[in-house]
Every structure is written in C-alpha cells, then in structure tokens.
Amino acid sequence: MNRLVLNLALLGIFLVTAGLNFVLRSDRTRPNWEYAPQMAHSPRANAFAVSTVFADGKTLREPPQGTSPRGLQSLHYAATPEDALRAGAELASPVSAEDRAAVDRGAFVFTTFCAPCHGAGGRGDGPVARRGYPPPPSLLLEHAIAMPDGQIFHVLTYGQGNMPSYASQLSREDRWSSIAYLRTLQHPAVDPGGTP
Ligand code: HEC
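Values in this document were obtained by computation on a predicted structure and should not be read as measured data. (Residues numbered from 1 in each chain as written. Predicted model: local features only at pLDDT ≥ 70, side-chain atom pairs only at ≥ 80, totals over all residues. Heavy atoms only, no water.)

Visitor: Sorry, what's going on with helix H3 (residues 81-90) here?
Guide: In an α-helix there are 3.6 residues to a turn, and that puts residues three or four apart on one side. Here H3 has its buried residues at Asp83, Ala84, Ala87 and Gly88. Seen end-on, H3 carries its buried residues on one side only, within an arc spanning 150°. In H3, the exposed positions that point more than 90 degrees away from the buried face belong to Glu82, Leu85 and Ala89. Where H3 is buried, its residues meet helix H7 (149-158). (Buried < 20%, exposed > 50% of the residue type's maximum accessible area, 1.4 Å probe, protein only. Helix = DSSP H or I, 4+ residues; strand = E, 2+ residues; numbered from the N terminus. Arc of directions from axis to C-beta. Contact = heavy atoms within 4.5 Å.)

Visitor: Mind showing me how you'd approach the environment of Leu11 here?
Guide: Structurally, Leu11 is set in helix H1 (residues 2-24). When its relative accessible area of 47% is taken as the criterion, Leu11 is described as partly exposed. Considering only alpha carbons, one finds Leu11 and Pro94, 83 residues apart in sequence, at a separation of 75 Å.

Visitor: How do you make sense of the site of the ligand when you look at a structure like this?
Guide: In the vicinity of the ligand, 21 residues are found, and the nearest of them are Cys114, Cys117, His118, Gln160 and Met163. Side-chain polar atom of His143 to an oxygen atom of the ligand: 2.8 Å apart, as the coordinates give it. Gln160 is positioned such that a nitrogen or oxygen atom in its side chain is 2.7 Å from an oxygen atom of the ligand. Of all the secondary-structure elements, those providing two or more residues to the shell around the ligand are helix H4 (100-118), helix H6 (142-146) and H7. Residue contributions to the shell around the ligand peak at 4 residues, all from H4. The residue makeup of the shell around the ligand, split by class, is 16 nonpolar, 5 polar and no charged. (Near = heavy atom within 4 Å. Polar contact = N/O pair within 3.5 Å; in protein donor to acceptor, adjacent residues only side chain to side chain. Nonpolar A, V, L, I, M, F, W, Y, C, P; charged D, E, K, R; others polar.)

Visitor: Help me out: how do you make sense of the side chain of Ser177 in this one?
Guide: Position of Ser177 among the secondary structure elements: in helix H8 (residues 172-190). You can call Ser177 buried: its relative accessible area is 5%. Leaving out residues up to four positions away in the same chain, Ser177 has contacts with Val95, Ala102, Arg105 and Gly106.

Visitor: Just to check I follow, could you spell out the packing of aromatic side chains for this structure?
Guide: For any pair of aromatic rings, geometry is given as the distance between the ring centres together with the angle between the planes. Tallied over the full model, the rule gives 2 aromatic pairs. The aromatic ring of Phe54 is capped on one face by Arg61, whose charged end is 3.9 Å from the ring centroid. (Phe/Tyr/Trp six-rings, centres within 6.5 Å; stacked < 30°, edge-to-face > 60°. Lys NZ or Arg CZ within 6 Å of the ring centre and 35° of its normal.)

Visitor: Please explain the environment of Arg123 as it appears in this structure.
Guide: Mapped onto the secondary structure, Arg123 falls in the loop between H4 and helix H5 (127-130). Classification of Arg123 by relative accessible area gives exposed; the value is 55%. Sequence-wise, Arg123 and Val95 are 28 residues apart; in three dimensions their C-alpha atoms are separated by 23 Å. When neighbours within four sequence positions are excluded, Arg123 is seen to be in contact with His118, Ser138 and Leu140.

Visitor: Help me out: how do you make sense of H4 in this one?
Guide: With 19 residues, H4 ought to run about 27 Å at 1.5 Å a step, yet its terminal C-alpha atoms sit only 23 Å apart, falling short of that. Helix geometry: H4 is bent most strongly at Thr111, by close to 45°. Every buried residue of H4 is listed here: Ala102, Val103, Gly106, Ala107, Val109, Phe110, Cys114, Ala115, Cys117 and His118. Gly119 sits one or two residues past H4 and shows a positive phi near 85°. (Expected span 1.5 Å × (residues − 1). Bend = angle between axes of the 7 residues up to and from the residue.)

Visitor: Could you clarify how one ought to interpret the nonpolar core in this entry?
Guide: Within soluble globular proteins, side chains that are nonpolar generally end up buried alongside one another. Membership of the largest hydrophobic core comes to 19 residues, with the highest contact counts inside it found for Phe110, Ile152, Ile179, Tyr181, Leu182 and Leu185. Those elements giving two or more residues to this core turn out to be H4, H7 and H8. For this core, the element with the most residues is H8, which contributes 6 residues. When residues no more than four places from it in sequence are discounted, the contact partners of Leu185 are Phe110, Ala120, Gly121, Gly122 and Leu140. (Core = buried A, V, L, I, M, F, W, Y, C linked by side-chain atoms within 4.5 Å.)

Below you can see the structure in the form of structure tokens.
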C-alpha cells in the first residue's frame, strides 16, 4: 500500500515538473535563465560610433605610439627608382633555386598573376598586352636578367612605371617564389643549352 502511494506521488511530481517546464518555457528560441548575464552580454562599442569615453569622441583608436601590430613585417623602402636599386643591393631572396616546392609555387603565381601581361614565357606577349595595355619589356632581356632579386621584389611590391604593385595580392613568400620561377625562365636565355 505504502509503495503504491509513493509511486503515485512520484508520478504526480514528475507530471507537475514536466508540465511546469512546458508552460514556463513558452519561447524556446530564447535562453531560459542566464547565470551572470553581464558576462554573457558584455558592453561593446561599434567601431565608427561616437565615443562618450574618449575626449576626441572617436571609438576607433590609433595604435599607441611606438607599437607595431603582431606579425608586422616592416619594409623600409619608398616607391622610388633609387630605393628599387637600394633594395637590389640590400635584399636577398629567402627562396633557394633548389627549393622545388617554392619554385613550383612560383610557377603557379607567375602563371596566375604575371603571365596575363608578361606572357607565360615572360616575353611580354600576354593577353592583356595583346589587347592594348602597354606591353612590358621581355623579362628574358639582359636588363631584367641582370636585375637583382631584391630589385624585382621592389618592382612587385611597389610597382614600376605601368606595372602596378602586387603587394596586396601576393604575400612576400609568393613574390619571392615568383622571382625564383622567373629565374628558371630566364636561365636558358642567359646560357642557351648550357649547364645550370
Ligand atoms: C598589368 C600588367 C602586368 C602584370 C600583371 C605584371 N607586370 Fe611586370 N611589368 C609590366 C609593365 C608594363 C612593366 C614595364 C614597367 C615600366 O614601365 O618600367 C613591367 C615590368 C616588370 C619588371 C621589370 C622589367 C625590366 O626589365 O625593367 C619585372 C621584373 C616584372 N615586371 C615582373 C613581374 C612579375 C614577376 C609579375 C607577377 C607577380 C608581374 N611583373 C606582373 C606589367 C605587368
């Protein structure tokens, strides 16, 4: 007898709990109860909203003086022909000509980003040049062959004459790789049929 009462009582408690749960949580798209809501919903500011915290009213702050963002790779050159020559004298390519993976990557970069103007073989006969863009000089001429890697890096980074900068499209590694690949295009021209 006692057992029956106990079971009925447990069943009753279960039904009431389940019923309350169903009734009280009518909107199931919203959290029911939040512990420490100030942590879940911390105040934030919109970058371009007027700030009431800073005297100049700007929310977006300048980086503190003398700091640089994490991962910044500085390059202390200006977009001038003089600095292109200086880059040629100072910068050495981190990509070795023997690094097959880097040269292969350079081939992909060159075909994608350079061949439209310079042509797949670097002769200045790419489809963009054939359609009226001022054709670049052949990269197989002595001038480009004699250009140090660092100077070409400067050309890719800052542009030169009618060639735009490729700094925003190509990472530094990809710029150096494309130069390594360009050297493989130029090499037969330096020494046709000769030893590498
Ligand atoms: C939009 C067309 C265009 C693209 C794309 C382009 N170039 Fe050029 N490039 C030119 C032109 C035009 C010149 C000649 C610039 C001048 O007036 O001195 C040039 C010049 C150069 C020179 C100097 C050649 C010399 O003898 O002075 C190099 C090296 C070079 N480009 C490499 C590249 C590489 C590598 C890429 C790919 C990352 C590339 N270019 C992408 C148009 C382009």
